[in-house]
Structure formats: structure tokens, C-alpha cells
Amino acid sequence: PTQTTGSLTAQPSKTPSTVTGLLSDMSTIGKDVVRGGYTRPVYSTAELELREWFIDEATQRGLSVEADRNGAIWAWWDTAEKDRTNALITGSHLDSVPGGGPFDGPLGIASALVALDILKSRGTNPTRPLAVVVFPEEEGSRFGVACLGSRLMTGAIDPDKARNLRDSGGNTFAAVAKANGLDPRFVGRDDQLLGQIGQFVELHVEQGRGLIELDQPIAIASSILGHGRWRLRIHGQGNHAGTTLMAARRDPMVAASRTVVAIRDTALQQAHARATVGRLQPVPGGTNVIASRVDFWLDVRHPDDAVTAAVVQSIHQQAQRIAAEEGCVVSLTEESLSPTVHFDTGLLHQLQQALPNAPILDTGAGHDAGILSAFVPTAMVFVRNPSGISHSPEEHVLDEDAETGAKALADALETLLA
Ligand code: HGY
Ligand code: MN
Ligand code: MN
Ligand code: MN
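Residues numbered from 1 in each chain as written. Chains lettered and ligands numbered in written order. Predicted model: local features only at pLDDT ≥ 70, side-chain atom pairs only at ≥ 80, totals over all residues. Heavy atoms only, no water.

Q: Sorry, what's going on with the sheet that holds strand E12 (residues 329-338) here?
A: Backbone hydrogen bonds are what pair the strands of a sheet, in a parallel or an antiparallel way. Read across the open sheet, the 4 strands follow the order E9-E11-E7-E12; overall the sheet is antiparallel. The open sheet has two free edges, formed respectively by strand E9 (274-283) and E12, since each of these has just one partner strand. Neighbouring strand axes in the sheet, compared pairwise and without regard to direction, differ in orientation by 15° on average. Inspection of the sheet shows strand E7 (residues 226-235) paired to E12 by 9 bridges, in the antiparallel sense. The residue of E12 that forms the bridge with His227 is Ser338. Seen against the sheet, helix H9 (residues 252-268) touches E7, E9 and strand E11 (293-302) and runs at an angle of roughly 5° to E11. Relative to E11, helix H10 (residues 305-325) is tilted by about 155°, and along the sheet it contacts E7, E11 and E12. (Pairing = 2+ DSSP bridges. Helix = DSSP H or I, 4+ residues; strand = E, 2+ residues; numbered from the N terminus. Axes fitted to C-alpha atoms, helices over the stretch in contact; angles between N-to-C directions. Contact = heavy atoms within 4.5 Å.)

Okay, here's the thing in C-alpha cells:
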């Protein structure tokens with residue numbers, strides 16, 4: 001693991017950075033000229049470049065930077081005694097969805113660095129250690145499982161299942177992790193690290209319209225909607241587009257398309273349900289080729305985990321009926337499942353003391369904080385997104401709201417340190 005030592009107070013005074021300044025440093029890394037926005041899959045050149053940038057920023061601040069067995073990076077502001085118990089952790093992720101916005105993840109990392117700068121400028125001398133963490137593969141865009149890094153650290157995913165996850169090029173997580181300095185034999189639950197964490201607070205861009213409607217710059221999170229991912233695979237008969245009569249076809253693309261509409265119709269029947277197919281891959285994928293197989297992924301979310309299960313079961317039954325009508329065969333495989341998360345009420349009340357004007361909002365977006373909340377008291381702070389759009393180049397945060405968010409995070413951390 002990358003290891004540097006030092007203490008924040010011993011550093012040459014660095015002009016306190018701004019969130020917008022740090023974000024603009026990152027803004028040239030991983031631009032996607034085809035999709036627009038940013039494409040920064042875990043362990044891609046772009047994400048590795050962002051990791052290096054983060055390590056440099058943290059080292060400049062005198063933080064002790066370490067990588068853990070699962071590929072997360074921890075930048076520690078240690079106490080003089082170097083005793084790492086009951087640590088106060090903040091952080092987020094640097095990886096993105098394909099064509100994502102510049103704030104989903106990086107806003108939390110930049111705000112964490114600025115919040116530590118603010119604490120230092122206030123002369124804070126922490127009685128307990130702080131750390132900024134960068135979790136890998138939060139989006140699950142490369143290996144298919146969201147929050148892979150925090151799931152590994154907490155034991156929320158079987159290490160063997162993780163090692164064998166494959167990216168679209170067929171590379172296993174084990175091989176890619178090994179190529180990036182990890183020993184895949186040792187990925188998995190990290191009791192030592194978990195034992196050091198007292199509380200975790202993640203700042204994140206809001207990925208909805210809550211703060212627009214409330215006309216507020218920041219909010220405290222109450223809960224995260226339960227959500228899961230399933231792969232639907234429909235086998236048909238591949239053939240030539242020109243020589244195969246329509247009546248003789250068993251076209252999985254037709255079965256998949258009918259199923260996608262059935263998915264939308266099923267979700268519309270359940271208040272608060274959200275069901276999405278954002279990724280669909282015909283095989284072999286030629287313009288003049290009837291596909292032999294179509295893979296597509298289902299993302300279902302609902303506050304009640306039992307409703308999520310019922311929606312998925314109904315979709316599976318409809319997919320089987322549709323596939324049979326089209327002379328095809330369908331299989332459904334669960335890839336990841338996250339129950340609805342209610343954040344720690346004690347920690348939420350402490351944040352309310354620090355941020356008395358901040359409303360309380362729930363979210364439909366998953367986060368590493370959601371995974372950690374099953375193991376340590378966890379909270380989230382959201383920053384207004386005037387577009388109300390995320391997982392898109394249209395995601396946005398106003399400069400003044402970005403700085404307000406970092407100050408709010410500093411106030412929250414200071415309250416928790418007291
Ligand atoms: O998918 C999500 O909700 C998160 O952005 N990973
Ligand atoms: Mn995110
Ligand atoms: Mn995201
Ligand atoms: Mn031909």
C-alpha cells in the first residue's frame with residue numbers, strides 16, 4: 001500500500017482550497033467526447049489519474065495516505081498519539097457511470113479535503129483521528145456490483161464472487177485488482193479497518209429535485225431506497241437478416257423489447273417503485289444479424305423491500321410468458337441487492353445540531369454510506385443540484401452551494417469531534 005506519513009499541522013501553509021478549485025483540477029480527467037460528461041470506470045486510466053491527484057492533494061496536506069486490501073485509499077489526519085480508534089471518516093468515490101456528471105463522487109472527495117482545510121484554519125486539534133476515504137467501484141459500472149469496495153471491506157459480498165466478477169472485456173476483478181497492486185487472495189472483510197471507524201459522514205450531490213423544491217443549498221439524508229440489479233438473458237435463434245422470413249424467427253431482441261415495456265408498465269402500477277433498463281446488449285450485435293441472445297439489466301428500487309421483490313417476481317413471470325410467445329428462453333440472475341437504509345438517528349440529530357437549517361431528505365440513489373450504515377453510525381449531507389438530473393452530463397452544482405456544502409461538512413465534523 002502507498003504509505004506517506006506526516007501530520008496536518010506540520011505542513012507549509014497551503015492556501016485553503018475551494019471545492020470548485022479542486023473540482024476544476026479534476027475536470028480535465030476522464031472527459032467522454034462521445035457520450036459527453038465523464039467516463040471513469042474503476043482502475044481505468046482516468047480513475048487512476050484521479051487517485052494520483054487525490055494522493056497528491058492529501059499528501060500536500062500532511063495526511064498519511066494508505067491503500068487498503070480492497071483498493072480504497074485512506075488519507076489520515078492522525079492524532080499525536082497515532083491512535084486510530086473511534087475515527088471520524090468522510091469521503092466518497094471517484095469512479096463514475098458512463099457519461100456521468102462531474103459531481104457524483106468527486107464533490108464528496110473535494111468537499112472532504114476542503115472541510116479538513118477549514119478545520120485546520122479554525123485551529124482544530126482533533127481529539128480523535130479523521131480520515132478521507134475514496135472507495136473504488138461505487139457505481140459498479142465496470143464489474144456490475146455497486147459499492148464493490150465498501151461491500152468487500154464490510155464483508156457484504158463474498159470475496160470469491162467478487163474475484164470472479166468480469167468487466168465487459170471479460171477481465172476478472174481479481175486480474176484487474178492484481179494488475180493494480182492488490183493481492184486478490186486478500187480482498188474481503190477488513191476487521192482491523194472496520195474496528196477503527198467510529199462514524200462515517202458522506203457528502204454527495206443530490207441526485208433529485210428535493211433541494212430545488214425546498215430552495216435550500218444542503219440537506220441531511222434520512223434514508224436510501226432499497227434497490228437491486230438483475231440480469232435478464234434471452235436466448236433465441238441467431239440468423240441472417242435477409243434470408244430469414246419473419247414467421248420463421250425466434251428473435252430475442254423482440255422478446256427483450258416487449259419485456260422492457262412490460263417492466264415500465266409493472267413499475268407504473270406500484271406507487272414509489274422505480275424500474276429501469278439502461279443497458280441492453282444483443283449478441284453478436286450486427287446490423288444485418290438477428291441476435292442469438294440479448295442480455296439486459298434491470299434496476300428496481302422501492303422503499304419496501306418486499307415490494308421490490310414482488311415487482312421483480314412479476315417481471316420475471318411476464319418475461320417468461322413473452323419469451324415463450326416469441327419462441328425464446330429467458331433467465332433472470334440477481335447481481336446485487338441493497339435493503340432500504342435508515343441512517344443512524346443519533347448521528348442524524350447531531351448533524352441537525354450542526355446544520356439547524358438543513359432539511360431532511362430521503363434518496364433513491366445508492367451510496368457507500370448505505371453499505372457502511374449496516375456496520376457503523378453513518379450520515380449523509382446532500383448539496384443542491386439545480387438541474388435535478390444526475391448520471392448525466394447535465395448534473396450540476398452552483399459554485400456557492402459547493403462551498404456551502406464543504407463548510408457544512410466542516411461544521412458537522414467539528415460537532416462530531418467535540
Ligand atoms: O446507482 C446508484 O444509485 C448510485 O449512483 N450508485
Ligand atoms: Mn455517487
Ligand atoms: Mn452515482
Ligand atoms: Mn454476409
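Q: Just to check I follow, could you spell out the packing of aromatic side chains for this structure?
A: We describe a pair of aromatic rings using the distance from one ring centre to the other and the angle between the two ring planes. Tallied over the full model, the rule gives 4 aromatic pairs. The interplanar angle of 15° and the centroid separation of 6.1 Å between the aromatic rings of Trp74 and Trp76 together place this pair among those described as stacked. Of the residues examined, Trp74 reaches a relative accessible area of 2% and is grouped as buried. Residue classification places Trp76 among the buried residues on the basis of a relative accessible area of 1%. Residues Phe135 and Phe200 carry aromatic rings whose centres are separated by 6.0 Å and whose planes lie at 80° to one another, so their mutual orientation is edge-to-face. Of this pair, Phe135 sits in strand E4 (residues 130-135) while Phe200 sits in strand E5 (residues 197-205), and the two are 65 residues apart along the sequence. This pair shows no difference in class: Phe135 is buried, exactly as Phe200 is. (Phe/Tyr/Trp six-rings, centres within 6.5 Å; stacked < 30°, edge-to-face > 60°. Buried < 20%, exposed > 50% of the residue type's maximum accessible area, 1.4 Å probe, protein only.)

Q: Quick question: what am I supposed to make of empty space enclosed by the protein here?
A: One way to see where empty space is left: roll a probe the size of a water molecule over the atoms. Throughout the structure, instances matching the rule amount to 1 cavity of 30 Å³ or more. When its volume is computed, the largest cavity comes out at roughly 40 Å³. Forming the walls of the largest cavity are Val42, Tyr43, Asn70, Pro136, Glu137, Leu148, Gly149, Leu152 and Phe173. Here the lining of the largest cavity gets 3 residues from one element, more than from any other, and that element is helix H4 (residues 148-154). Of the residues contributing to the lining of the largest cavity, the split by class is 6 nonpolar, 2 polar and 1 charged. (1 Å grid on protein atoms, 1.4 Å probe; cavity = no way out; pocket = protein on both sides within 12 Å on 5 of 7 lines; lining within 4 Å. Points joined across faces, edges and corners; volume = space filled by probe spheres on them. Nonpolar A, V, L, I, M, F, W, Y, C, P; charged D, E, K, R; others polar.)

Q: Explain the packing of helix H1 (residues 19-26) against helix H3 (residues 106-121) to me, please; I cannot follow it from the model alone.
A: Between two packed helices, the angle of one axis relative to the other and the distance separating the axes together describe the packing. Direction vectors running N to C along H1 and H3 enclose 130°, while the axes themselves pass 9 Å from each other. Here H1 is positioned oblique relative to H3, judged by the angle of their axes. Here the hand of the crossing between H1 and H3 comes out right-handed. Counting all contacts with H1, which are made through Val19, Leu22, Leu23 and Met26, the residues of H3 involved are Pro106, Leu107, Ala110, Ser111, Leu113 and Val114. (Parallel < 35°, antiparallel > 145°, perpendicular 65-115°, else oblique. Left-handed = near helix turned anticlockwise from the far one by under 90°.)

Q: What am I meant to see in the coordination of the manganese ion (ligand 3) here?
A: For a metal bound by four donors in tetrahedral geometry, the ideal donor-metal-donor angle is 109.5 degrees, whereas six donors in octahedral geometry ideally sit at 90 or 180 degrees. At 2.1 to 2.8 Å from the manganese ion (ligand 3) lie its protein donor atoms, namely Asp104 (OD), Glu139 (OE), Glu139 (OE) and His391 (NE2). For the manganese ion (ligand 3), the donor residues sit on a single chain with the sequence spacing D-x34-E-x251-H. The two metals, the manganese ion (ligand 3) and the manganese ion (ligand 2), are separated by 3.4 Å and share Asp104 as a common coordinating residue. Of this pair, Asp104 sits in the loop between strand E3 (87-93) and H3 while Glu139 sits in the loop between E4 and H4; the two residues are 35 residues apart in sequence, bridging distant segments of the chain. What makes Asp104 buried here is its relative accessible area of 5%. Residue classification places Glu139 among the buried positions, given a relative accessible area of 6%. (Donors = N, O, S within 2.8 Å, 3.2 Å for Na, K, Ca; no water.)

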